[in-house]
Amino acid sequence: MALSKEVLAQYEHDGFFFPLDILSLEEVGAVRRQLEDFEVRYQSHPVVGDGEFRTSCHLFLPFLDELTRHPVILAAVSSILGNDLLVWGTSFFTKEPRSPDYVAWHQDLHYWGLDARDEVTAWVALSQASVESGCMRFVPASHIKEVAHADQPGTDAMLSRGQELVEPVDETQAVNAPLLPGQASLHHGLTFHASLPNRSNDRRIGFAIRYIKPSMRQAGGQTGVATLVQGDDCYHHFESAPRPERVAAPESIAVWQHAMGIQKKINFLNMKVPVEGKEP
Ligand SMILES: O=C(O)CCC(=O)C(=O)O
């Protein structure tokens, strides 16, 4: 369903909105089971094993490709970006039970080398995202301008570069965004957001889907890879990714490797401190 006028106005003012009901408990359980089955079966895989798969694995996992096309998510995101939608990338943010992993305050678009701001992330909770398990936190109305970031890589920082805002955030302004399994939040790529460690006994699993308008371009002369999930792409600014037909088929993994190569280059373009093995 499209976002109501009131919700849209709230999103435009705050730069985020939650919760949206996307999957039933049974449906989200099935997605989580498929994911965890994949994690166990492929943990020693030379290419996608050991956490490497967590970025853009919708390119080789059909059940996640399906989730990026969920009609409720597409209707909500279309209310903001219009009918034509590309998925530019996806990321799993998985915090193991009682793990110290955290996400520092940051703005997504600062790092993605895109030439405009027509981007929305749908962050889908595949397990409970509570204050205890380290749900997302947002600063309302922070998406108005881009601000300076610095790289502070640390072992528990989940972002690839340990990127964080240079100026401290006024934590009293932060809004927690707790979600039940199967619910999602939406946020704009310039909204300040972060999350604290998981103090619960379950995994906190978030699947972030990055939607853009096809008119966007990858800046810096790069041609990114993106998937048309609704409407038309009359711009062809991105290489189009085919839909995966079965789990981890070699041809889909090849597409993913190609896309990851480009994405890493973009994300690490101005990298000062090398960090291996983390998500872009
Ligand atoms: O899952 C988190 O805690 C952070 C997610 C995030 O930074 C994002 O989706 O852009």
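Quick caveat, the model's predicted, so the values are computed rather than measured. (Residues numbered from 1 in each chain as written. Predicted model: local features only at pLDDT ≥ 70, side-chain atom pairs only at ≥ 80, totals over all residues. Heavy atoms only, no water.)

## A closer look at the site of the ligand
Working step 1: Surveying the vicinity of the ligand reveals the residues Phe-93, Val-103, His-106, Asp-108, Trp-123, Met-136, His-187, His-193, Ser-195, Arg-204, Ala-208 and Arg-210.
Working step 2: Contacts to the ligand include His-193, whose side-chain N or O atom sits 2.9 Å from an oxygen atom.
Working step 3: In the model, an oxygen atom of the ligand is placed 2.7 Å from a nitrogen or oxygen of the Arg-204 side chain.
Working step 4: Protein chains bury 100% of the 290 Å² of accessible surface belonging to the ligand in isolation.
Working step 5: For the shell around the ligand, the elements supplying multiple residues, two or more each, are strand S3 (103-106), strand S10 (193-195) and strand S11 (204-212).
Working step 6: Looking at the shell around the ligand, the element that brings in the most residues is S11, giving 3 residues. (Near = heavy atom within 4 Å. Polar contact = N/O pair within 3.5 Å; in protein donor to acceptor, adjacent residues only side chain to side chain. Areas by Shrake-Rupley, 256 points an atom, 1.4 Å probe, with all protein chains shown as cover. Helix = DSSP H or I, 4+ residues; strand = E, 2+ residues; numbered from the N terminus.)

## Points about the sheet that holds strand S5 (residues 136-138)
Working step 1: Judged by pairing direction, the sheet is antiparallel, and its 4 strands sit side by side in the order S3-S10-S5-S8 without closing on themselves. Looking at the sheet topology across the chains shown, the edges are occupied by S3 and strand S8 (175-177). Direction aside, the axes of adjacent strands within the sheet are offset by 25 degrees on average.
Working step 2: Sheet topology places S3 next to S10; 2 bridges connect them, and they run antiparallel. Bridging across to S10, His-106 finds its partner in His-193. (Pairing = 2+ DSSP bridges. Axes fitted to C-alpha atoms, helices over the stretch in contact; angles between N-to-C directions.)

## Comments concerning unusual backbone geometry
Working step 1: At the junction of Phe-18 and Pro-19, the peptide bond is cis and its omega measures out at -10 degrees in the coordinates.
Working step 2: With a phi angle near 60 degrees, Ser-56 is a residue other than glycine that sits in the positive phi range.
Working step 3: By the secondary structure assignment, Ser-56 is in the loop between helix H2 (25-41) and helix H3 (62-68).
Working step 4: On the basis of relative accessible area, Ser-56 is assigned to the buried category, the value being 2%. (Buried < 20%, exposed > 50% of the residue type's maximum accessible area, 1.4 Å probe, protein only.)

## Re the packing of aromatic side chains
Working step 1: Overall, the coordinates contain 9 aromatic pairs when judged by the stated rule.
Working step 2: Consider the rings of Phe-16 and Phe-18, whose centres lie 6.4 Å apart with planes at 20 degrees: the pair is stacked.
Working step 3: When the centroid spacing of 4.7 Å and the interplanar angle of 15 degrees are considered together, the rings of Phe-16 and Phe-138 count as stacked. Of this pair, Phe-16 sits in strand S1 (residues 16-21) while Phe-138 sits in strand S5; the two residues are 122 residues apart in sequence, bridging distant segments of the chain. Assigned by exposure class, Phe-16 and Phe-138 land together as buried.
Working step 4: Grouping aromatic residues by their ring pairs yields a cluster made of Phe-38, Tyr-42, Phe-53, Phe-60, Phe-92, Phe-207 and Trp-256. (Phe/Tyr/Trp six-rings, centres within 6.5 Å; stacked < 30°, edge-to-face > 60°.)

## Considering the side chain of Asp-65
Working step 1: Position of Asp-65 relative to the elements: it lies in helix H3.
Working step 2: For Asp-65, a relative accessible area of 3% corresponds to the buried category.
Working step 3: Dropping the residues within four chain positions of it, Asp-65 is found in contact with His-58, Arg-243 and Pro-244. (Contact = heavy atoms within 4.5 Å.)

## Some words on the pattern of salt bridges
Working step 1: Here the structure, examined in full by the defined rule, presents 14 salt bridges.
Working step 2: The shortest N-O distance in the salt bridge between Glu-39 and Arg-203 comes to 2.7 Å. On the criterion of sequence distance, the pair formed by Glu-39 in helix H2 and Arg-203 in the loop between S10 and S11 is long-range, its members being 164 residues apart.
Working step 3: Among the ionic pairs, Arg-54 bridges to Glu-96, the shortest N-O distance being 3.9 Å. Highlighted residues: Arg-54 in the loop between H2 and H3 and Glu-96 in the loop between strand S2 (85-95) and S3, separated in sequence by 42 residues.
Working step 4: A single network of salt bridges, built from pairs that share partners, joins Arg-32, Glu-36, Glu-39, Arg-54, Glu-96, Asp-202 and Arg-203. (Salt bridge = Lys/Arg side-chain N within 4 Å of Asp/Glu carboxyl O.)

## Description of the environment of Pro-178
Working step 1: Among the secondary structure elements, Pro-178 is positioned in the loop between S8 and strand S9 (183-188).
Working step 2: Taking relative accessible area as the criterion, Pro-178 reaches 39% and is therefore assigned partly exposed.
Working step 3: Sequence separation between Pro-178 and Trp-256 is 78 residues, and the spatial gap between their C-alpha atoms is 31 Å.
Working step 4: Apart from the residues lying within four places of it in its own chain, the contact partners of Pro-178 are Phe-18, Ala-129, Ser-130 and Cys-135.

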